[in-house]
Amino acid sequence: MRKIFVALMLASLPVLMAVGPGNAATAPAATADQQQVLIKKKATAAKAAAEAKKAADAKKAADAKKAADAKKAAATKAAQAKKIADAKKAAQTKRIAEARKAAEARKLAAVRTAAPQRETHATCRGFLKCLFGNQPKPGVQRASTGASAIDTQTGEDIDWAPAAKYAAGTIIVSTPERRLYLVTGPGEARRYKVGVGREGFQWSGQSSIVSKAEWPTWRPPAEMIKREAAKGHMLPPMMEGGPENPLGARALYIGGRIYRIHGTNAPSSIGGAVSSGCIRMMNADVIELYDRVKIGAKVYVIQ
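Residues numbered from 1 in each chain as written. Predicted model: local features only at pLDDT ≥ 70, side-chain atom pairs only at ≥ 80, totals over all residues. Heavy atoms only, no water.

### Focus: the overall build of the protein chain
- Within the protein chain one finds five helices and 10 strands.
- Within the span of the protein chain, comprising 303 residues, buried residues form 34% of the whole.
- Within the protein chain, contacts between residues at least 6 apart in sequence are counted, and of these 68% link residues at least 24 apart. (Helix = DSSP H or I, 4+ residues; strand = E, 2+ residues; numbered from the N terminus. Buried < 20%, exposed > 50% of the residue type's maximum accessible area, 1.4 Å probe, protein only. Contact = heavy atoms within 4.5 Å.)

So this is what it looks like as structure tokens:
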């Protein structure tokens, strides 16, 4: 029995030596080294991740800046293109305005040249000259001659107490005065000389401007054509606008009536009761009124 116990002790001795006090002390040291290695690997991975994120953020910022710069460049290019387009448009508008102004000047010059010729006629030559020229008719007040026959501006700014009753932009025609007033403010107006309807064709009332036309076409009303035909005067159904047209340079049409405020090819008629109900103005005056008055402006004709 004793021999068996000794044999067992000898057989287990290598195992006891392997787990003895010396070998047991080296196990924790090996574990600590592994932890250090693991910590270093984690630190290295964290650093790499941080650098990757920093690089991604830098790229994102660079892309955003590049996009902003491109957008800014596009906006600058668009602004320059708009500036060029606006300059071209302004130049074109200026050319059109200058051409229009030159055309107006030529037409007005033609009217002014024709006016003295009408003054020199001792008798009426042609029906239109009789109807719209400076020849007197029975029961009709003859317009003044001389300086007033020249187609010039008669408008003047005045203090006018009745203007306080009307809104700015309102037109008041005083038939007895042969004057048209354009209200410009409280107690203020611009006054023009006008020709009004002859006896039997004068009227009064309230309306408004419904349309406007430059160098308007003249289409005599059916009543006028019939009335003049009975006298042996054949009116044309239509006459294109121009210096010889009785409606002159501009026309402002009064709603609900056949009448207009218009220019004339007979400046000597201004200041008289000579028309078939329309209000006549010097061409220079009606051009100014046309530019000042808006569609919808109130019109009052006072007897």
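From this point on, the discussion continues.
### What to know about the side chain of S207
- Topologically, S207 is positioned in strand β5 (residues 205–214).
- Given the relative accessible area of 13%, S207 is considered buried.
- Within the structure, S207 has its side chain in polar contact with the backbone oxygen of G255 (distance 2.5 Å). (Polar contact = N/O pair within 3.5 Å; in protein donor to acceptor, adjacent residues only side chain to side chain.)

### Some words on the pattern of salt bridges
- If you walk through the whole model with that rule in mind, you get 10 salt bridges.
- Here R190 ties to D157 by a salt bridge, and the two come within 3.2 Å at their closest N and O atoms. Taken together, the positions of R190 in strand β4 (residues 188–197) and D157 in strand β1 (residues 156–159) put the pair 33 residues apart, joining distant regions of the chain.
- What makes D157 exposed here is its relative accessible area of 57%.
- Measuring nitrogen to oxygen at the nearest pair gives 3.9 Å for the salt bridge that ties E288 to R292. On the criterion of helical spacing, the pair formed by E288 and R292 is a turn pair, its members being four residues apart in helix α5 (residues 283–292).
- Of the residues examined, R292 reaches a relative accessible area of 42% and is grouped as partly exposed.
- Among the charged side chains, a salt-bridge network with shared partners connects D157, R190, E288 and R292. (Salt bridge = Lys/Arg side-chain N within 4 Å of Asp/Glu carboxyl O.)

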